[in-house]
Number of protein chains: 2
Amino acid sequence: MRRRPFALSLSLALSSLLGAAHADEGMWMPSQLPEIAGALEAAGYRGDPRGLAELAEPPMNAVVKVGGASGAFVSKEGLVLTNHHVAFGVIQYNSRPDRDLIRDGYVAADRAAELPANPDYRILVTTGFERITDRILAGARGKRGRAYYDAVDAASKAAVAECEREPGYRCSVANMYYGTDFYLVRQLELRDVRLVYAPPNAIGNYGGEVDNFVWPRHAGDFTLLRAYVGKDGRPADYSPDNVPYVPPAHLQVSTRHVKDGDFAMLAGYPGVTFRHRMASEFAQQVEWQLPARVALYQRMIEVIEAAAGDEAARVAYASQLRSLKNSLKRAQGELDGLRRSDAVRVRREDEAAMFAWLGRQAGAAAARADIAAAQAVLDRAAATRERDQLLAAIQSQTQLLRAALTVQRLAHERGKPDTQRESGYQQRDEALIAGQLKQVQRRYAPAVEKALLAELLARHQALPAAQRVPEFDAVFGATPAELKRRLDALYAGTRLGDEDARLAAMRADAAALRESGDALLRAAAALLPALLRLDDQAKAREGELLRLRPAYMRALIAYRRSQGRAVYPDANSTLRVSYGRISPMSPRDGIDYRPLTTVAGIVEKHTGQDPFDAPRPLLDAIARGDFGSTAEPSLKTQTVDFLTNLDTTGGNSGSPVLDADGRLIGLNFDSNWEAVSASWMFDPRYKRAIHVDLRYLRWLLAKVYPAPHLLQEMNLPAE
Amino acid sequence: MRRRPFALSLSLALSSLLGAAHADEGMWMPSQLPEIAGALEAAGYRGDPRGLAELAEPPMNAVVKVGGASGAFVSKEGLVLTNHHVAFGVIQYNSRPDRDLIRDGYVAADRAAELPANPDYRILVTTGFERITDRILAGARGKRGRAYYDAVDAASKAAVAECEREPGYRCSVANMYYGTDFYLVRQLELRDVRLVYAPPNAIGNYGGEVDNFVWPRHAGDFTLLRAYVGKDGRPADYSPDNVPYVPPAHLQVSTRHVKDGDFAMLAGYPGVTFRHRMASEFAQQVEWQLPARVALYQRMIEVIEAAAGDEAARVAYASQLRSLKNSLKRAQGELDGLRRSDAVRVRREDEAAMFAWLGRQAGAAAARADIAAAQAVLDRAAATRERDQLLAAIQSQTQLLRAALTVQRLAHERGKPDTQRESGYQQRDEALIAGQLKQVQRRYAPAVEKALLAELLARHQALPAAQRVPEFDAVFGATPAELKRRLDALYAGTRLGDEDARLAAMRADAAALRESGDALLRAAAALLPALLRLDDQAKAREGELLRLRPAYMRALIAYRRSQGRAVYPDANSTLRVSYGRISPMSPRDGIDYRPLTTVAGIVEKHTGQDPFDAPRPLLDAIARGDFGSTAEPSLKTQTVDFLTNLDTTGGNSGSPVLDADGRLIGLNFDSNWEAVSASWMFDPRYKRAIHVDLRYLRWLLAKVYPAPHLLQEMNLPAE
């Protein structure tokens with residue numbers, strides 16, 4: 001990376017006091033880094049923080065979005081480092097019965113051997129990040145509710161359309177600080193991506209689901225891809241004539257050793273966090289949302305398991321059960337974590353202090369009025385939270401009813417011009433919808449769906465009248481006995497269990513659907529107006545919150561500034577930077593986790609059975625102890641993964657981890673279980689991120705599954 | 001404890017070089033401690049090791065055997081400290097529906113409130129430990145096999161009988177170094193034991209089965225008892241007129257703080273270890289015994305679970321299943337541990353080095369001949385190991401068949417003078433046998449017992465002829481089909497399912513039993529000659545090993561001495577001392593266990609549900625943070641348990657843990673899971689012992705469940 005003289009950063013000393021109070025927490029927009037330069041330097045960063053602020057300059061333009069997650073260029077010829085799990089689809093796409101790249105891994109001997117990714121796989125290079133708040137909000141000012149929402153939506157779509165006029169770019173509008181600011185993000189879209197180097201799955205995903213969220217970890221979760229472009233240097237679909245993309249910058253993998261306490265920073269595309277939500281939302285999450293989710297998911301799991309009476313039904317619902325159990329586990333983990341961190345009390349006290357401070361500022365009354373109005377919107381939404389949870393489950397956890405509702409909604413949307421259709425129901429979405437309708441077959445058993453609906457709709461029947469949806473009562477009846485009769489009749493009277501019938505219904509127009517004699521399609525037609533009405537209400541609420549939340553965020557930002565602290569926006573899949581250090585942790589009384597793991601742990605965990613079936617060449621290389629220059633001197637063995645206190649969330653997979661000089665030392669791939677609640681609250685005692693130690697990558701490429709040409713390309717020693 | 005001037009120990013410097021190579025391993029006879037004085041002092045012991053050698057002098061005579069485990073006097077008025085789980089029977093015996101001492105704990109307000117233990121509960125004070133090898137072996141010399149065994153047995157019984165002539169004493173002969181030496185152990189038997197102080201079960205057994213073998217641990221596993229004697233100062237049955245026993249010595253609980261690395265030593269009655277078994281026995285344990293046990297137990301569990309078709313059968317077999325699963329888990333843990341420590345290779349290399357050394361010594365040929373003969377005995381035993389495993393399971397895992405065999409064996413033994421009856425079938429054992437026969441009812445279902453026998457006997461049928469027992473083939477048939485018919489007939493034709501029938505059979509004489517028409521009693525009569533024959537063969541092998549193993553042990557002792565190391569005898573429930581230090585451990589790559597836990601862990605683990613239902617007074621006291629002088633200054637909180645590298649095994653429960661000055665700092669109560677294999681091999685990486693930190697005891701007595709009078713009696717500060 002580019003270095004600037006140290007002296008330059010001295011002029012930033014005053015403004016860069018900001019942020020020092022929050023040394024570990026923060027997913028900073030690169031543009032904020034000069035503002036928190038003092039904190040960055042105090043933490044040990046040796047480069048110039050202003051050098052990190054420019055998205056279109058090195059090193060930030062070496063950080064890319066890959067397959068929905070993160071990655072980085074690591075050579076001047078378009079080599080991209082990301083996670084094995086982020087590139088898994090590419091590896092799978094190139095596997096055949098006689099060439100199992102998942103099991104065996106892959107080393108492309110030369111450029112010609114690099115394997116094209118699935119055609120929809122993308123690498124995005126962020127080239128523009130422009131604040132367009134005024135443009136987005138110009139048409140919204142003075143409006144409220146749904147109108148405010150529609151005005152923001154229309155302005156965003158227009159900005160994106162204009163930006164995307166140049167071929168090869170994908171654009172989006174990012175909402176920062178909950179409607180306070182809007183940024184136009186412009187990304188070069190590289191469409192020819194190829195597989196260069198993947199370790200065997202038993203290295204890349206060593207430990208599998210068992211080790212998911214687990215520290216100490218021993219996975220080599222990395223893969224090398226290469227981006228190609230047309231001979232003109234511009235993005236192109238795959239062609240054998242394409243040439244490697246020459247990135248504007250790339251990161252240099254470090255050849256130094258790392259240890260506990262070393263500075264570390266990370267750049268990537270974290271997905272979503274809720275750190276700056278209001279205290280009442282924290283309370284709702286901990287006191288109702290998560291416990292209710294745990295209870296409902298637990299009940300749905302019991303109902304499905306009890307109703308799946310034969311082997312065919314158990315197979316059909318295996319995936320849904322696994323997904324429900326995973327969601328249940330995550331919800332319970334998040335709940336446990338937020339309780340352990342006493343999140344509601346901490347956030348309440350922080351907010352109360354902010355309000356006290358705000359009361360002493362000019363303009364406090366207007367801000368308080370907006371915040372009170374936002375709270376009222378949240379309170380109104382909370383009044384129907386039980387119903388909304390049930391309706392969401394009815395629409396997401398059924399197969400045939402969901403298919404009927406989708407078909408009816410599609411017919412409804414087709415009545416509008418394509419650009420005005422609801423997102424997800426546009427012409428470009430129809431292939432995806434058809435694919436989903438085909439899949440219903442494999443995931444459905446009538447007895448299970450009826451049992452699940454009986455459970456969910458009985459709960460709906462038991463709600464107070466103010467929450468109940470009349471159309472649901474009309475279709476399913478108002479008593480459990482009536483409900484059972486209606487469900488039996490609906491599922492006896494539908495042909496949607498046949499794939500042909502579903503696809504025919506999808507092709508049918510609205511008029512034909514209206515006349516359909518299929519009981520479930522008629523039920524869906526009767527329910528659709530209710531769902532459209534609720535959807536409209538939700539968008540109106542969303543519009544109001546877009547309008548009102550900025551008062552809360554501005555107060556928070558001003559309050560933090562009064563404390564000498566900066567505020568990062570909650571994560572929204574835009575490029576962010578966090579910094580901290582390699583760090584141990586104590587998960588519980590009496591236990592310490594060391595921050596670096598070694599190959600000894602691979603051998604300890606090895607059982608010979610998936611997911612702990614370390615490949616023989618790896619075990620042999622460990623037994624030989626031939627680690628070369630990549631062995632950690634203090635441990636006299638090869639390290640595998642390391643732990644930092646960096647602030648990450650989903651989407652940060654594949655984020656490059658840099659040292660104090662901007663050299664690449666690690667590759668982010670997971671968090672620890674104790675950090676599941678970090679999407680709401682960063683607790684420095686428990687929040688850690690898990691990275692591949694790139695010395696392990698170098699060793700694998702040097703000694704285990706050799707790729708000397710790639711080490712040379714990355715300017716790394718041969719061993 | 002008594003201190004001797006430091007200068008005295010200097011004279012021991014030469015001999016006490018011995019043992020230094022093995023600083024952590026060793027369950028030393030107290031009489032060996034002068035021999036390893038140098039190692040003890042190098043480890044940090046500040047007293048005179050010779051002071052520890054005398055069993056009948058302080059501090060060793062303060063260490064007692066309590067309810068089959070260990071304990072120590074802690075006041076001059078007979079107060080005894082042992083584990084909550086060692087005194088559990090006493091607590092249970094004193095609990096009533098309206099006075100649940102298990103749940104609530106107990107604090108005797110004064111002497112009058114101290115509650116008598118169950119009448120069979122004993123505290124034993126070792127008063128004599130005399131080497132009587134010549135006397136025991138005099139009659140055995142020149143004999144072999146069963147005759148050697150019988151000569152040793154007769155001499156031992158005679159020595160015990162003579163020793164027990166003085167009332168109030170219990171005596172036994174301890175076999176050290178596998179027949180090399182014999183010691184007469186003389187113990188004062190205190191029969192009036194009373195409950196003084198027990199914490200609630202949710203403290204004494206916090207974590208229950210879930211935390212069993214677990215570190216970090218948070219249990220206050222202690223109880224205080226008091227020994228009483230008659231007014232004449234001699235052991236007596238309970239009487240309200242009895243007076244507290246005045247022990248010859250007691251241990252002083254320390255008021256100092258302890259930390260990682262501090263010297264620690266422990267005295268107690270470890271049960272059994274196999275450390276000095278031959279390399280071939282290590283190999284058989286790892287390569288056959290443990291894997292075969294795991295496989296057979298797993299299969300028995302499956303058979304019982306499949307056959308226990310109704311709720312009544314499941315309840316009847318719940319305890320047996322729990323016990324089988326526990327044994328399976330332990331066997332798997334021991335196997336994993338021995339493999340992790342590479343025990344077979346380590347022992348083989350050590351033995352090979354010993355043989356190489358032995359070959360260069362005078363008299364090597366005779367020693368090698370004995371050792372080869374011992375190996376041949378082991379090889380002959382191994383030739384029928386599959387059969388012996390099955391016969392052991394048939395006799396231990398059945399209820400009705402076992403009852404029939406017991407009744408027949410008892411009738412057989414009754415034909416001899418009482419002193420010559422087999423141990424376990426003497427007059428004094430008959431009450432116990434009757435009790436067991438009564439219990440059969442609650443633990444039996446015919447379908448389960450038949451299924452289990454079908455599995456075990458089918459395996460017997462499948463053995464080669466050389467292993468099969470003809471009487472079993474005769475009774476149960478030689479094919480699976482025949483087996484099924486015979487089992488059906490046996491269980492249809494027996495009345496032993498009735499308690500009255502079993503007790504009547506027990507009362508019947510041999511002649512009446514011979515004429516019995518009960519199918520199962522007749523089967524047992526047919527099997528008995530086989531079992532007696534196999535028993536005789538086993539004793540003949542045992543006799544041969546008693547005769548031959550000493551050559552191996554003498555070679556090992558001499559070889560170790562040539563390395564400057566001493567050899568402790570394998571554990572055999574006699575008083576032993578181990579020493580080491582407070583010690584962290586790394587159970588796996590990347591994880592460190594701290595050696596001290598704190599009350600924070602009690603709160604972390606608390607769920608409100610058994611076994612993590614910490615009592616409210618404890619939680620409140622923790623929340624108040626009022627820890628007084630017992631709080632660890634470096635942690636600023638109250639510690640709970642600590643970890644040492646002391647060498648322990650089953651039977652060491654309740655062992656006092658002493659500091660470098662002989663002050664009481666801890667109470668041993670468990671080992672870590674990784675140490676399950678330590679009965680065969682001490683691996684210093686993984687062998688740890690878990691102790692109550694007596695500062696926790698002091699805090700509970702001072703602040704949580706106060707007993708100021710007991711603190712005063714133990715000469716401890718009030719808080």
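For chain A, an unreviewed UniProt entry supplies the name Dipeptidyl-peptidase and the organism Vulcaniibacterium tengchongense. Turning to chain A, the UniProt annotation filed under Function (unreviewed entry) states: "Catalyzes the removal of dipeptides from the N-terminus of oligopeptides."

Let's shift gears to the domain arrangement of chain A. All names here are of chain A. For chain A, the assigned domains read domain 1 (6-54), domain 2 (125-190), domain 3 (270-274 + 574-699) and domain 4 (279-546). Computed from C-alpha atoms alone, the centre-to-centre distance between domain 2 and domain 3 is 36 Å. Taken together, the contact pairs 4 residues of domain 2 with 4 residues of domain 3. For the pair domain 2 and domain 3, the two sides together bury roughly 260 Å², of which 65% comes from carbon and sulfur. The largest per-residue losses of area from domain 2 upon contact with domain 3 belong to Thr 126, Met 176 and Tyr 178, which jointly make up 75% of the total buried on that side. Linking domain 2 with domain 3 are 0 salt bridges, by the criterion used here. Classifying every residue of the side of domain 2 that touches domain 3 by side-chain character gives 4 nonpolar, no polar and no charged.

In this assembly, 15 residues from chain A lie in contact with 15 residues from chain B. Roughly 1,300 Å² of surface becomes buried between chain A and chain B when both sides are summed, with 41% attributable to carbon and sulfur atoms. Linking chain A with chain B are 2 salt bridges. B:Arg594 is the partner of A:Asp592 in a salt bridge, and the nearest nitrogen-oxygen pair spans 2.6 Å. Connecting chain A to chain B are 13 residue pairs in polar contact (both at pLDDT 80 or more).

The next subject is helix α10 (residues 311-340) of chain A. All names here are of chain A. For α10, which comprises 30 residues, the first-to-last C-alpha distance of 41 Å matches the rise-based estimate of 44 Å (1.5 Å per residue) to within 8%. Of all the bends in α10, the largest measures some 45° and sits at Ala 318. Once α10 finishes, Asp 342 follows within two positions and takes phi at roughly 55°, a positive value.

All names here are of chain A. By the definition in use, this model includes 130 salt bridges over all chains. For Arg 486, the salt bridge goes to Glu 482, with nearest N and O atoms at 2.5 Å. Residue Arg 486 and its partner Glu 482 are located together in helix α18 (residues 480-492), separated by 4 residues, close to a single helical turn. Close ionic contact of Arg 695 with Asp 693 constitutes a salt bridge, the shortest N to O distance being 2.7 Å. Of the two residues, Arg 695 and Asp 693, neither departs from the other in class, the shared state being buried.

How each quantity is defined
Residues numbered from 1 in each chain as written. Chains lettered and ligands numbered in written order. Predicted model: local features only at pLDDT ≥ 70, side-chain atom pairs only at ≥ 80, totals over all residues. Heavy atoms only, no water. UniProt positions renumbered as here; feature names shortened; annotations may be inferred. Domains from an automatic or database assignment. Contact = heavy atoms within 4.5 Å. Buried area = accessible area lost by both parts, 1.4 Å probe. Salt bridge = Lys/Arg side-chain N within 4 Å of Asp/Glu carboxyl O. Nonpolar A, V, L, I, M, F, W, Y, C, P; charged D, E, K, R; others polar. Polar contact = N/O pair within 3.5 Å; in protein donor to acceptor, adjacent residues only side chain to side chain. Helix = DSSP H or I, 4+ residues; strand = E, 2+ residues; numbered from the N terminus. Expected span 1.5 Å × (residues − 1). Bend = angle between axes of the 7 residues up to and from the residue. Buried < 20%, exposed > 50% of the residue type's maximum accessible area, 1.4 Å probe, protein only.

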